[in-house]
Amino acid sequence: EVQLLESGGDLVQPGGSLRLSCAASGFTFSTFAMSWVRQAPGKGLEWVSVISSSRGTTYYADSVKGRFTISRDDSKNTLYLQMNSLRADDTAVYYCARGGKSSGHMDVWGKGTTVTVSS
Amino acid sequence: DVVMTQSPLSLPVTLGQPASISCRSSQSLVYSDGQTYLNWFQQRPGQSPRRLIYKVSNRDSGVPDRFSGSGSGTDFTLKISRVEAEDVGVYFCFQGTHWPWTFGQGTKVEIK
C-alpha cells in the first residue's frame, strides 16, 4: 500500500526552527517529485515547496523562500522540510504529497503533522 | 502568481441533485508541452485532501463516476451528477502549470 507518514510537528517559539519528516512506503520513492503543502487553521491549502526526483531541483512559495529548505534522502525513502525563522503565520498542518507534472501532481497525501508557532 | 478563483464558495445541495463548481485562473493553464495541469481535490471533514481529477478531466482510481471535470484555458468546472452524503466537504482546484503552484480558495459542499 502506498503511504506517506509525516512527523516532527511541534509547538515552537517565534524565531525558532523545526524539521519535518515524511516517510514514504509502498512505491519507488526516488522516482517521484515530492511536495509540502500546508493548511492554516480553518483556511485553505497553500503549496509550500517541491523537490524533483533525480537531480533534486527545488522550488518554494515566496512566503517561505529563504527560511525553509526541502530535501530528500532516497536511501531512507524520506522527505524533509527544514523550517527556520518561524513566524506565527507558519502555524498550520503540514502535508507531504507525492508527484509532479509527470504523475499529474499530488496523487497521494499523508495525514499531516501540526506545527504551532507561539510564545 | 496565478490566481485561482472558485465559485461558489458555499454550495448547499439536495441529496441526489447535481452540483457544479467553477474555477477560473488568471492565466491560461496550458503548459509548453500542450498539457493543462489543473486538478481537483476533495477534503472531507477531518481528513487529508484527496485528488479526484487531474489534468482537467482524468478521474483518479476509485473516484466514483458521478464526478467529472471539464474546461480549458482559464475556465474549468467540477460536476457531481448526483450528490451523496459522502460528498460533503471542501473542494479545491489547483494549477501546476505556472510557478508558484496555487490552489483555489475552496468550495464547501453541504447537504441542505
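Please refer to the structure higher up on the page.
Residues numbered from 1 in each chain as written. Chains lettered and ligands numbered in written order. Predicted model: local features only at pLDDT ≥ 70, side-chain atom pairs only at ≥ 80, totals over all residues. Heavy atoms only, no water.

Novice: Which residues make up the nonpolar core, and what values go with them?
Specialist: Counting residues in each nonpolar core, the largest one holds 27 residues, and the members touching the most others are Trp36, Leu79, Leu81, Met83 and Tyr94 of chain A. Elements that contribute at least two residues to this core include exactly strand E3 (18–25), strand E4 (34–39), strand E5 (45–51), strand E7 (68–73), strand E8 (78–83), strand E9 (92–98) and strand E11 (113–117) of chain A. Top element by residues in this core is E3 of chain A. It accounts for four residues. With sequence-adjacent residues up to four places away left out, Tyr94 of chain A is seen in contact with Glu6, Leu20, Trp36, Val37, Arg38, Phe68, Leu81, Met83, Gly112, Thr113 and Val115 of chain A. If you look at the next biggest cluster of nonpolar residues, it comprises 22 residues, including Leu11, Leu29, Val63 and Tyr91 of chain B. (Core = buried A, V, L, I, M, F, W, Y, C linked by side-chain atoms within 4.5 Å. Buried < 20%, exposed > 50% of the residue type's maximum accessible area, 1.4 Å probe, protein only. Helix = DSSP H or I, 4+ residues; strand = E, 2+ residues; numbered from the N terminus. Contact = heavy atoms within 4.5 Å.)

Novice: Can you explain the sheet that holds E8 of chain A? Please cite residues and give values.
Specialist: Residue and element names in this part refer to chain A. The sheet built from four strands is open, its strands ordered E1-E3-E8-E7 with antiparallel pairing. Because the sheet does not close on itself, it has two edges, and the strands there are strand E1 (3–7) and E7. With strand direction ignored, the average angle separating the axes of adjacent strands in the sheet is 15°. Here five bridges tie E1 to E3, and the two strands are oriented antiparallel to one another. What sits directly across from Glu6, in E3, is Cys22. (Pairing = 2+ DSSP bridges. Axes fitted to C-alpha atoms, helices over the stretch in contact; angles between N-to-C directions.)

Novice: Which residues make up the layout of surface pockets, and what are the values?
Specialist: Approximately 580 Å³ is the volume attributed to the largest pocket. If you list the elements that add at least two residues to the lining of the largest pocket, you get E1, E3 and strand E10 (108–109) of chain A together with strand E5 (50–54) of chain B. It is E1 of chain A that provides the largest number of residues to the lining of the largest pocket, a total of three residues. Across the lining of the largest pocket, the residue classes break down as nine nonpolar, seven polar and six charged. (1 Å grid on protein atoms, 1.4 Å probe; cavity = no way out; pocket = protein on both sides within 12 Å on 5 of 7 lines; lining within 4 Å. Points joined across faces, edges and corners; volume = space filled by probe spheres on them. Nonpolar A, V, L, I, M, F, W, Y, C, P; charged D, E, K, R; others polar.)

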